[in-house]
Amino acid sequence: MMILIGLMGSGKSTIGKLLASRLSLSFVDLDDIIVQEQGKSIPAIFEQEGENGFRALESQALEEVLKGQSTIIVTGGGAILFKQNRDLMKQAGKVVWLDAPPPVLATRISGDANRPLLLGIDPLEKMKTLTAERNPLYEGLADLRIDTDLVNTKEAVDTIAAFLSE
Ligand code: S3P
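Conventions used here
- Residues numbered from 1 in each chain as written.
- Predicted model: local features only at pLDDT ≥ 70, side-chain atom pairs only at ≥ 80, totals over all residues.
- Heavy atoms only, no water.
- Buried < 20%, exposed > 50% of the residue type's maximum accessible area, 1.4 Å probe, protein only.
- Helix = DSSP H or I, 4+ residues; strand = E, 2+ residues; numbered from the N terminus.
- Pairing = 2+ DSSP bridges.
- Contact = heavy atoms within 4.5 Å.
- Salt bridge = Lys/Arg side-chain N within 4 Å of Asp/Glu carboxyl O.
- Near = heavy atom within 4 Å.
- Polar contact = N/O pair within 3.5 Å; in protein donor to acceptor, adjacent residues only side chain to side chain.
- Areas by Shrake-Rupley, 256 points an atom, 1.4 Å probe, with all protein chains shown as cover.
- 1 Å grid on protein atoms, 1.4 Å probe; cavity = no way out; pocket = protein on both sides within 12 Å on 5 of 7 lines; lining within 4 Å.
- Sits in = over half its atoms within 2 Å of the grid points.
- Axes fitted to C-alpha atoms, helices over the stretch in contact; angles between N-to-C directions.

Trainee: Where do I start with the pairing of strand β1 (residues 2-5) in this structure?
Mentor: For a regular strand, the rule is simple: side chains alternate between the two faces of the sheet. Because side chains alternate across β1, one face comprises the buried residues Met2 and Leu4, and the other comprises Ile3 and Ile5, equally buried. Note: β1 against strand β3 (residues 72-74), 3 bridges, orientation parallel. By the bridge assignment for β3, Leu4 is matched with Val74. Note that β1 and strand β4 (residues 94-99) share 4 bridges and pair parallel. What sits directly across from Ile5, in β4, is Trp97.

Here you go:
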């Protein structure tokens, strides 16, 4: 199994899908599983159940997915917040962190209505805060880090594919 971690806008979904198709591996996106299982959007879950409610669903979905057969797993940016989740990911396989500087992330995600953490907040300030809070966690967990500001999508996919075949 290979698990992609990183902040919103780091390119996890795009790169995960491309990698899966390149290597003919099965792919799953944790956010999609949660949306399917709950029958509502991520913003609706945050609104009705709060961030804590979403985090509980996310932890459950992660546990289920890691027991399954999918090979490439894309996680939401906050899936690394609980130690239990980090331990599960570490045990399950290789963890790849997609990183980029806050201004780049902010540009990529600004105006995205599907991201409740950005509601009514300056995207750059939010990405700076999340970077400060979460980068130590991503760093502690990752087997490989790729700065997606410095490479294009194809190069990122090539680097991960080479790493997985080592
Ligand atoms: C979140 C990231 C989102 C989604 C939710 C919360 C976060 O996923 O899980 O909006 O806490 O960073 P992406 O990283 O795929 O945008």
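Trainee: Is there a simple way to think about the side chain of Ser59 in this case?
Mentor: As for its placement among the helices and strands, Ser59 is situated in helix α3 (residues 42-67). For Ser59, the contacting residues outside a window of four places in its chain are Phe82 and Asn85.

Trainee: Can you help me understand the pattern of salt bridges in this one?
Mentor: The final tally for this structure, using the stated rule, is 10 salt bridges. A salt bridge links Arg55 to Glu58; the nearest nitrogen and oxygen atoms lie 2.8 Å apart. Within this pair, Arg55 and its partner Glu58 are both found in helix α3, separated by 3 residues, close to a single helical turn. For Arg55, a relative accessible area of 6% gives the class buried. The exposure class of Glu58 is buried, given its relative accessible area of 1%. Across the pair Asp112 and Arg115 runs a salt bridge whose closest N-O atoms are separated by 2.7 Å. Each of Arg22, Lys154 and Asp158 takes part in salt bridges that share partners, so that together they form one network.

Trainee: For this particular structure, what's the right way to read the site of the ligand?
Mentor: Among the 14 residues in the neighbourhood of the ligand, the closest are listed as Lys12, Asp31, Arg55, Gly77 and Arg134. Within the side chain of Asp31, a nitrogen or oxygen atom sits 2.8 Å from an oxygen atom of the ligand. Within the side chain of Arg134, one N or O atom sits 2.6 Å away from an oxygen atom of the ligand. In isolation the ligand offers 380 Å² of accessible surface; the protein chains occlude 96% of this area. Mapping the ligand onto the cavity grids shows that it belongs to the largest pocket.

Trainee: So what exactly am I meant to see when it comes to the sheet that holds β3 here?
Mentor: Pairing between the strands of a sheet comes from backbone hydrogen bonds, and it takes one of two forms, parallel or antiparallel. Pairing in this open sheet of 5 strands is parallel, and the strands run β2-β3-β1-β4-β5 from one edge to the other. One side of each edge strand has no neighbouring strand; the edge strands of this open sheet are β2 (27-29) and β5 (144-147). Neighbour to neighbour, the strand axes of the sheet diverge by 20° on average, direction disregarded.

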